Amino acid sequence: MKKLFAFLAVFGMLSMGASSIYAQEEEQSVAEETTTEQVAEEEVAVEETVAAEPAGSEEPQGIHKQIKAKFIEGGAVFMSFVLLALVFGLAIVIERIIYLNLSTTNTKKLLQKIEDALNEGGVEAAKEVCRNTRGPVASIFYQGLDRFDEGIEVVEKSVVSYGSVQMGLLEKGLTWVSLFIAIAPMLGFMGTVIGMIDAFDTIAAMGDVSATAVASGIKVALITTVSGLIVAIILQIFYNYLVSKIDGIVNNMEDASISLMDILVKYNMKK
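What counts as what
Residues numbered from 1 in each chain as written. Predicted model: local features only at pLDDT ≥ 70, side-chain atom pairs only at ≥ 80, totals over all residues. Heavy atoms only, no water. Salt bridge = Lys/Arg side-chain N within 4 Å of Asp/Glu carboxyl O. Helix = DSSP H or I, 4+ residues; strand = E, 2+ residues; numbered from the N terminus. Buried < 20%, exposed > 50% of the residue type's maximum accessible area, 1.4 Å probe, protein only. Axes fitted to C-alpha atoms, helices over the stretch in contact; angles between N-to-C directions. Parallel < 35°, antiparallel > 145°, perpendicular 65-115°, else oblique. Left-handed = near helix turned anticlockwise from the far one by under 90°. Contact = heavy atoms within 4.5 Å. Nonpolar A, V, L, I, M, F, W, Y, C, P; charged D, E, K, R; others polar. Core = buried A, V, L, I, M, F, W, Y, C linked by side-chain atoms within 4.5 Å. Phe/Tyr/Trp six-rings, centres within 6.5 Å; stacked < 30°, edge-to-face > 60°.

1. Topic: the pattern of salt bridges
Part 1: Summed over all chains, the structure comprises four salt bridges.
Part 2: Close ionic contact of R96 with E95 constitutes a salt bridge, the shortest N to O distance being 2.9 Å.
Part 3: The partner of K127 in a salt bridge is E124, with the nearest N and O atoms 3.6 Å apart. In this pair, K127 and E124 are both assigned in helix α5 (residues 123-131), three residues apart and thus about one turn of the helix distant.
Part 4: Note on K127: relative accessible area 8%, which makes it buried.

See below:
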């Protein structure tokens, strides 16, 4: 009897241990299946999130690519005219900047050389100094010295007259720059008006107001206006710089011309 109870006790313990082990194995398998399902769901969610990301979440494009995209969105016709206004305007501006920088002269140094040349070699030596010096001031001085034999009054009239000619050469091309400054925003406004007309034509054809159609049309139309204003602002800045540069050169010309007349009067009195 004791052996039977012992056997039953051992069998019960073994069966309980086996059942507990089986239960743990089932729990582990269920946990593994749950973990696998969660991982699969997370991967699917990640793939859906990546697929659902908008195009704007990509890496930002370069500035030249953005400008190119806006140029295409604004329409090739009017944007090309605005671009041509910028290119031609900048070409004239660069040429004027180079010309004006080459026209700048150290008038004090030039006047001192002319005075020394007059005292040492006469008018011909002073004219040689002017020939070897570039710039409008030296050209004006040469014209005045070339007529020294005709009298001081003739020299003064020659300096004033040729000074006006040199001033016209300094201002050459500025009218074209001002034209491009005025025409660039006009072209932009024209493109905007035509774009708005196209947007209203789209609304009339649809028979209903669509926010998407209207917004896209207005956006394309306004790009031309912004482009025209940007071109006008850039050219206006350079235009003001050129005007100030010309004013400075003209002031130096007038001041130097007065000093030249004083030098010639003193030289004439010494003769």
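2. Re the environment of K108
Part 1: Checked against the element boundaries, K108 lands in helix α4 (residues 107-121).
Part 2: For K108, a relative accessible area of 71% puts it in the exposed group.
Part 3: Along the chain, K108 and S259 lie 151 residues apart, while their C-alpha atoms are 9.3 Å from each other.

3. Let's talk about the packing of helix α6 (residues 136-146) against helix α7 (residues 152-170)
Part 1: The interhelical angle for the contact between α6 and α7, taken along N-to-C directions, is 150°, at an axis separation of 8 Å. Put simply, α6 runs roughly antiparallel to α7. Between α6 and α7 the crossing geometry is right-handed. Taken together, the residues of α7 that come into contact with α6 (itself represented by P136, S139, I140, Q143 and G144) are V155, S158, V159, Y162, G163, Q166 and L170.
Part 2: Of the residues contributing to the contact of α6 with α7, the split by class is six nonpolar, six polar and no charged.

4. Some words on the nonpolar core
Part 1: Formed by 43 residues in total, the largest nonpolar core has its most connected members in L110, I114, L118, F141, L170 and L264.
Part 2: When residues of this core are traced back to their parent elements, those giving at least two are α3 (76-103), α4, α5, α6, α7, α8 (174-206) and α9 (211-270).
Part 3: For this core, the leading source of residues is α9, giving 13 residues.
Part 4: Dropping the residues within four chain positions of it, L110 is found in contact with T105, V129, T133, V137, A138 and F141.

5. Brief notes about the packing of aromatic side chains
Aromatic ring pairs are reported here in terms of the distance separating the ring centres and the angle at which the planes meet.
Part 1: Applying the stated criterion across every chain yields a total of one aromatic pair.
Part 2: Seen from their ring centres, F88 and F180 are 6.3 Å apart, and the 25° between their planes marks the pair as stacked. Of this pair, F88 sits in helix α3 while F180 is found in helix α8, placing the two residues 92 residues apart along the sequence.
Part 3: Judged by relative accessible area, F88 falls into the partly exposed class, the value being 47%.

6. Observations regarding the side chain of S158
Part 1: Mapped onto the secondary structure, S158 falls in helix α7.
Part 2: We classify S158 as buried; its relative accessible area is 11%.
Part 3: When residues no more than four places from it in sequence are discounted, the contact partners of S158 are Q143, G144 and R147.

7. Describing the packing of α4 against α6
Part 1: Relative to each other, α4 and α6 sit at 30°, their axes nearing to 11 Å. By the angle between their directions, the pair α4 and α6 is classed as roughly parallel. For the pair α4 and α6, the sense of crossing is right-handed. In this structure, α4 contributes T107, L110, L111 and I114 to the contact, and α6 contributes V137, A138 and F141.

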